[in-house]
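Structural overview
The primary structure of each chain is shown beneath.
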Amino acid sequence: MLKWLVSLIVALILLNLCAPLLRRLGLGRLPGDIVWRYRGREYFLPITTTVLLSLALTLLVRLI
């Protein structure tokens with residue numbers, strides 16, 4: 001259980017670091033992606049983007 005929690009936190013941190021690139025590609029503005037501002041910082045919870053990228057990577061791996 002702890003491994004999954006650590007993996008989820010690391011994945012969210014990586015997606016937050018990649019948020020500007022994802023927004024240029026149009027993935028940060030999907031319905032279900034949560035963005036909020038607190039004290040001048042923007043926090044990003046990409047639920048729909050995560051599902052979409054997971055499906056794309058799964059299809060890519062299956063084709064290879």
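Further up the page is the structure itself.
Model, not experiment: these values are computed from the prediction. (Residues numbered from 1 in each chain as written. Predicted model: local features only at pLDDT ≥ 70, side-chain atom pairs only at ≥ 80, totals over all residues. Heavy atoms only, no water.)

**Remarks on the overall build of the chain**
A tally of helices and strands in the chain yields three helices and two strands. Ordered by position in the sequence, the α and β elements of the chain form the string α-α-β-β-α. Along the longest, intermediate and shortest principal axes, the C-alpha atoms of the chain span 45 × 30 × 20 Å. Every one of the 64 residues in the chain was classed for burial, and the buried ones make up 14%. By sequence separation, contacts in the chain at least 24 residues apart represent 27% of the contacts at least 6 residues apart. Accessible surface, the chain as shown: approximately 5600 Å² in total, 73% of it carbon and sulfur. (Helix = DSSP H or I, 4+ residues; strand = E, 2+ residues; numbered from the N terminus. Buried < 20%, exposed > 50% of the residue type's maximum accessible area, 1.4 Å probe, protein only. Contact = heavy atoms within 4.5 Å. Areas by Shrake-Rupley, 256 points an atom, 1.4 Å probe, with all protein chains shown as cover.)

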